[in-house]
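Letter by letter, the chains look like this.
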Amino acid sequence: MMANYGFGKGPYVKNSSAGAGTGQEITITGTVLDPEGVPLIGVNVLEKDAGNGTSTDFDGKFSLTVGKTSTVLVFSYIGFATVEKEVTGNQPLSVTMEEDMGKLDEVVVIGYGTRKRSDVTGAVSSANLEDFRQAPVSNFGQMLQGNLPGLNVGQVNSAGSTPSLSVRGRTTISGNQSVLVILDGIQYNGSLESINPDDIESIDVLKDASSVAVYGAQGANGVILVTTKQGKKNQKPRVSISASYATLEPSTDLRPMKRDDYLEHIRMLQYQNAYLAPDYTTPNPDFNLADYVDSSMLDKNGNIVDTNFDWWEAGTQTGFINQQKISVSGGSERTTYLISLEHTDQEGFIANDKFQRKGARINLTTEIADWWEVGVQSFASFVKKDGAEPSITDLVRTSPLLQPFDEEGNLIPNPANTADKNAFLGYYVDDYERHDYFFANFFSQIDFPFLKGLSYRVNFGNNYRINKFYRANEYGSGLRGEAYKNHEFYYDYNLDNIINYKKVFGKHDIDVTLLYGAIERKFDYTSATANDFARLELGYNSLEQGVNQFTYSDAWREALNYQMARVNYKFDNRYMVTATVRRDGFSGFSENNKYGYFPSVALAWTISNEEFFKEEWVNNLKLRVGYGTSSNQTDRYSSLAGVTTRAAYIFGDGGSTVFGQQLTSLANPNLKWERTTGMNLGLEYSLLNSRLNGTVEYYYTRTNDLLFDVAIPDITGFETIRSNIGEIENRGLEFAISSHNIQSDNFNWDTTVNFSTTATKVLKLTGRDNDGDGVEDDLTASNLFIGEPLGVIYDYETDGIYQVGDDIPDGYFPGSYRIVDQNGDGQITPADDRVIRGHANPAYRFSILNTFKYKGLSLRVFINSIQGGKRGYLQNNIYPITLDDNNIRWNYLNERDLWQPNNPDGVDPVFPGRNPQVSPAVYQDRSFVRLQDVSLTYDFNKELVEKLRLDNLQVFISGKNLATWTKWRGWDPEGPKDEGTGLTRGEDPWRPALKSYSLGLNVTF
C-alpha cells in the first residue's frame, strides 16, 4: 500500500512537553501499521484530552512524551478507523489500523428500501445537510441550492416560499415537470413550507432512469427522498434546543428613482424639447420642465409640487427570520421516539410579506415482539400568512411627487387621477390566510421468524390539508367594497404493501422487493363572494350584506394503482445487478391506455475488489451503467372531452337568458403515457487513503409520445386536441469531488466541488411537411424547433441603436434598435428576418464548498454559480419607453440606462410618441457567481460543556447571498421561476433576492 499522498499534509509535530503534568514523564514509542503490515506514514498520535501529540515517520514509528504513566493515545488517519489505545508504562506499542469504509458503508435510501452506498447501482446522490444546518432559511429547499450535481434549485425572494426544483433538466414539453417528493416512504404533495428543516435526517436524490423506475409513471422528473429523524434504542432522553435570528435585506441597491432623479428622467424623455436641434445635446434655455410634468403633480399655479414621498421606503422593511426549535429523542430496548416542536416567524422585505409556521412532530417505533415492529411518522404544521402586500408594481412606478394620503389621512384611491391605483389599496385590507397540514404514516413490519431474511411491511400514509383564504377590502369592486371566503380541502392516502427477502450464501447476496400499492387523492373547493357593501365592519363574516352575492364550488378525485418487483444481486463484493419492473395505472389516462409498464436494469463492477487490481493508492473504484424507462403523468382530464356552462339562448320574451352546456375540448381515448428511456454511465472513486473521493456521471434520456396540444382545423369547433407526438432528448455530464486537503490534530480543511451540464434537443414534432421542402416543419408558434433545445429564443437580431444623423429607414428613428435584415431585401418581416439567437437554459452549473476547522471553530464558505456559455441562459432585459402620458407619469428603477443623444451608449430605447415598425427584445446573459453561504460556528470545549452538564453547546453566525458577481441588470439573475428579476415589466418583476445575516445557539443535554 502506498503511503502519504500529501494534499498539504505533513507530519504533525507538537512540543511533547505541552502535555506534561505534575506526574512522572515517560516517553512512549511504537509503530503503526495497516492490516497488511505496511507502515503508515503521517498518522496523528494524540494524548487524549491533553492536546499533546506527534505523527508517525516514514517507517510508521512515533515517539511521544506524556506527563503520566497511565494515559490513552488516540491514533487517527484519513481512510482508517480511529483507534484509542490505553497505555501503562513505556513498553513499545504496535498498533494496527483498520480501513474505514466510511461513506461506502453508509446507508442510502433508494425507494422502497435502503442499500449500502457500496452496493448502489444507480445514480443516487445524498445531500450535504450538516454544512448548511446554520443557514438562515425557513424552507429546506433552500438548503439544497447548489448542494449536489444534477439537482437544480431556484432562488426564493418571499417569506417561506418554496424554490423551484428540477433534476437533470426537462424531459417533457407539456407534461408534468414537478419533481416527485417522497417523505418517509410516502408520496408528499403538500408544500415544502410545511416541513421543519430541523426534523430532516437525510435527503437522497434518484437521478437516472434505472433508479427512478421504481416510481414508474411519476419518476421521469427525478425523485427526492426525505427521511426524518428517529430516536435511538437504549438512549437516555436527549433534549436539543436551537434558536436563531436573521435579518433580511435586498442583495443589491436597486430601487425606484427619488424626486431629483425622477425629474431628470422626465427631462431625458423630452430631449427633443429640452435640447436644441439638430444634435440635441445643447440645453434649450426656453425649456420649462413644469410644462411636461403630469398635471396631477402641479399646484394651482402650475408649478411642480414640492412633494417628495418615498413609496418604496413606505412599502418595504428590513425583514427577519426568528426561529425556535426543540426536540426530545431517545429509546429503550424495544421503543424509540422523537418529539419535536418548532416556531418560525418570517417577514420579507415587502411590507406584509409574512410567514409563520408552528409545527409538531412525533416519530415513534416499538417492537411488539422480536419479529414485529410497528410505528408512526407524523407531523402537523400550521402556516399563517395573514396580511396583503402593497402592489409592488405601483410602489415602483408611482411618482415621488404624489402621495398616498390626503390632508385628513384618508387613502387616495387614484393619486394620479388615472386608472393607476394607489399601491396601498390592497394593503389596508382584512386578510386571513391559513394552511394546515397533517401527515401520518402508520407502518408495521414483520420479520418472519420461520424464514430469516423474509419481511413484510405495510405503509399507510395520510396527507390532509386545509387552506383558508378570507379577505374583506373596502376599496374593492370600484370602491364599493368586496369580501370573500374560500375553502380548500385536500386528502390523499398512500397504501403500500412491501415484501422483502434478503439472503447471503457464500459469495452471493440477493435482495428481492415486491410492491403492491394504491393512491387516492381528493380535493374540494368552495367559494363565496359578495360586493357592493353599505358597511363592511363585519367583513367576510357577513357576506349576506353585499348586494351582489356569488357562490362557486369544485371538486375532483383521482386514483393510482401500481405494482413493482426489484431484484438486487451481488457476487463476491465485485459484481452487482439491479433489475426492476413497475406497472402503473392512473384514472386520468385514456380508456384504452390506463396502464403502463416501466422496466430497468443496472450493473455495477467494483474494480478495486478484483485480484488483478493492486493499485494501493486506489481505495475504491466502481463502474456503473444503468438503463430504464419511466413516465410522466398527464392531467387527470386530458383524455376526456371538456364541458363548460355558458349563455346558450335568449327567447326574446324579456325573460332570463338560458344557460346550456358546451364542449370546450375533444376527447382522445387513445392518449398514451409519455415514455422516457434513459442510460446512465457512472464512475465512483476513492483515492489516496480516501483523501480524494468523487463520482462522474454521464446520462442520456429520450422521451417519446410527448403530451402536446396539437392544432386541428377550425371547422371542428376546437383549436387543439391533446395528443402524443414527437421526441426530445436530454443529455449531460456531472461530477462531484470531495477532498481532505489538510487533516491534523487541530486543523482540517476539506473541499467539495460539484459540476453539471444538461442540454435538451427537440428530435421530432408532428411529422408534417406542409411547405414541401422534404424536412419536417418546426412549430414556430409554439417556439419548438427540430434540432434545437427547449426554451429557444427565436427573434430579431439587433445591431445597436440608431443615433441622430444616421441613415434611418422609414418606420424607425433615433433611439430605436437597428434590426439586421437577414435576407437583404430591405424589409423586416417575422418570416424572413427572425433567427435563433440562443436559449434560456444554462450551459453548466458549479459550486465549491470549503470547510475549515480549527479546534472548536468551523468556517464554511460556499460559492454557487450558473453559467450560460456562448449563447445560453439568456433573457430579455430591455424595456423601451414610448413618449406617452403613462410613461412620462410613471417612475422607474434607478439602474435604467436611457438612450438619448447626449447618452449615445444607453441601452434602453426611447420612442418619441410612436413605436417603431418593429421593437425587438434585447437579450442579456444571466450568468453569475454567488457567495451564497458563509457560516462560522464554535463548539465549546468538552470540559466547559461537562461543567454545565450539557452534551453540546454551539454558537454560530451565518450569512446568505452575501455577494453576487454578474453582468445582469436588475434585482437578481436567478429568479424564483427560473427567470431573472430584471428591469422589464412582467408578473411581479420587482421583488429582490434577499441577503441575510443570522446569529444562533444550539444546546443539547
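Residues numbered from 1 in each chain as written. Predicted model: local features only at pLDDT ≥ 70, side-chain atom pairs only at ≥ 80, totals over all residues. Heavy atoms only, no water.

The name recorded for the protein in an unreviewed UniProt entry is TonB-dependent receptor, from Sinomicrobium pectinilyticum. Recorded in UniProt for the protein, the comment headed Subcellular location (unreviewed entry) runs: "Cell outer membrane". If you open the UniProt record of the protein and go to Sequence similarities (unreviewed entry), you find "Belongs to the TonB-dependent receptor family." (UniProt positions renumbered as here; feature names shortened; annotations may be inferred.)

K.L.:
For this particular structure, what's the right way to read the overall build of the protein?
P.N.:
Scanning the protein from N- to C-terminus turns up nine helices and 51 strands. Taken over the C-alpha trace, the protein has a radius of gyration of 33 Å; the compact-globule value for 1005 residues is 30 Å, and the two agree within 12%. Expressed along its principal axes, the backbone C-alpha trace of the protein runs to roughly 105 × 70 × 70 Å. Looking at the protein as a whole, 52% of its 1005 residues qualify as buried. As displayed, the protein offers around 44900 Å² of accessible surface, 52% of which is attributable to carbon and sulfur atoms. Averaged over its 93 positive side-chain charges, the protein has a centre that lies 7 Å from the centre of its 127 negative ones. (Helix = DSSP H or I, 4+ residues; strand = E, 2+ residues; numbered from the N terminus. Rg over C-alpha atoms; globule rule 2.2 N^0.38 Å. Buried < 20%, exposed > 50% of the residue type's maximum accessible area, 1.4 Å probe, protein only. Areas by Shrake-Rupley, 256 points an atom, 1.4 Å probe, with all protein chains shown as cover. Lys, Arg positive; Asp, Glu negative; His and termini not counted. Charge placed at Lys NZ, Arg CZ, Asp CG, Glu CD.)

K.L.:
Explain the pattern of salt bridges here, please?
P.N.:
Where charged atoms from two side chains of opposite charge come close, those side chains can pair. Applying the stated rule across the entire model yields 48 salt bridges. Taking the shortest distance from any N to any O, the salt bridge between R361 and D184 comes out at 3.8 Å. In this pair, R361 sits in strand β22 (residues 354–369) while D184 sits in the loop between β13 (180–183) and β14 (186–187), placing the two residues 177 residues apart along the sequence. For the pair formed by R361 and D184, the shared burial category is buried. Among the salt bridges present, the one from E367 reaches R334, with a minimum N-O distance of 3.7 Å. One end of the pair, E367, is in strand β22; the other, R334, is in the loop between β20 (319–331) and β21 (335–347), with 33 residues separating them in the sequence. For E367, a relative accessible area of 18% puts it in the buried group. A relative accessible area of 35% means that R334 is categorised as partly exposed. (Salt bridge = Lys/Arg side-chain N within 4 Å of Asp/Glu carboxyl O.)

K.L.:
Teacher, can you tell me more about the packing of aromatic side chains here?
P.N.:
Two numbers describe a pair of aromatic rings. These are the distance of the centres and the angle of the planes. What the rule picks out here adds up to 41 aromatic pairs. The interplanar angle of 75° and the centroid separation of 5.8 Å between the aromatic rings of F813 and F911 together place this pair among those described as edge-to-face. Of this pair, F813 sits in the loop between β40 (798–801) and β41 (817–819) while F911 sits in strand β47 (residues 910–911), and the two are 98 residues apart along the sequence. Among the residues examined, F813 registers a relative accessible area of 5% and is labelled buried. Here the aromatic residues F309, W311, F405, F424, Y427 and Y428 are joined through ring pairs into a cluster of three or more. Cation over ring: R583 sits above Y595, and NZ or CZ is 3.8 Å from the ring centre. The aromatic ring of F928 is capped on one face by R930, whose charged end is 4.7 Å from the ring centroid. (Phe/Tyr/Trp six-rings, centres within 6.5 Å; stacked < 30°, edge-to-face > 60°. Lys NZ or Arg CZ within 6 Å of the ring centre and 35° of its normal.)

K.L.:
Help me understand the side chain of N891, please; the structure alone is not making it clear to me.
P.N.:
Mapped onto the secondary structure, N891 falls in the loop between α8 (885–889) and β47. Classification of N891 by relative accessible area gives buried; the value is 2%. A distance of 2.8 Å separates a polar side-chain atom of N891 from the backbone oxygen of M257. (Polar contact = N/O pair within 3.5 Å; in protein donor to acceptor, adjacent residues only side chain to side chain.)

K.L.:
How should the sheet that holds strand β10 (residues 124–126) be read in this particular structure?
P.N.:
Within a beta sheet, neighbouring strands are joined by backbone hydrogen bonds and run either parallel or antiparallel to one another. The sheet built from five strands is open, its strands ordered β10-β15-β16-β13-β14 with mixed pairing. The sheet is open, and its two borders are formed by β10 and β14, each paired with just one other strand. With six bridges joining them, strand β15 (residues 200–206) and strand β16 (residues 223–228) adopt antiparallel strand pairing. When the sheet's bridge partners are listed, S202 is paired in β16 with T227. (Pairing = 2+ DSSP bridges.)

K.L.:
Just to check I follow, could you spell out the sheet that holds strand β2 (residues 44–47) for this structure?
P.N.:
Here we have four strands laid out as an open sheet, ordered β3-β2-β5-β6, and antiparallel in their pairing. Since the sheet does not close on itself, it has two edges, and those belong to β3 (52–55) and β6 (80–88), each with one partner. Averaged over all neighbouring strand pairs, the angle between strand axes comes to 20°, with direction disregarded. Inspection of the sheet shows β2 paired to β3 by four bridges, in the antiparallel sense. Of the residues in β3, the one forming a bridge with N44 is S55. (Axes fitted to C-alpha atoms, helices over the stretch in contact; angles between N-to-C directions.)

K.L.:
What am I meant to see in the confidence of the model for the protein here?
P.N.:
Low-pLDDT stretches of the model should not have their predicted coordinates read in fine detail. Per-residue confidence for the protein averages 89 on the pLDDT scale, and 95% of its residues sit at or above 70. Predicted confidence for residues 1–22 stays below pLDDT 50, and this span has 56 contacts to residues more than four positions away or in other chains. (pLDDT = per-residue confidence, 0-100. Contact = heavy atoms within 4.5 Å.)

K.L.:
Please explain the UniProt feature "domain: TonB-dependent receptor plug" (unreviewed entry) in the protein as it appears in this structure.
P.N.:
Following the UniProt record, the feature "domain: TonB-dependent receptor plug" (unreviewed entry) maps to residues 117–223 here. The span residues 117–223 shows a helical share of 4% and a strand share of 21%, and its end C-alpha atoms are spaced 17 Å apart.

K.L.:
Explain a negative patch on the surface here, please?
P.N.:
Together, E36, E98, E99, E615 and E616 make up a negatively charged patch on the protein surface. Its place among the elements puts E99 in the loop between β7 (93–96) and β8 (107–109). The exposure class of E99 is partly exposed, given its relative accessible area of 37%. (Patch = residues over 30% accessible without salt bridge, like charges linked within 9 Å, V, L, I, M, F, W, Y side chains within 5 Å.)

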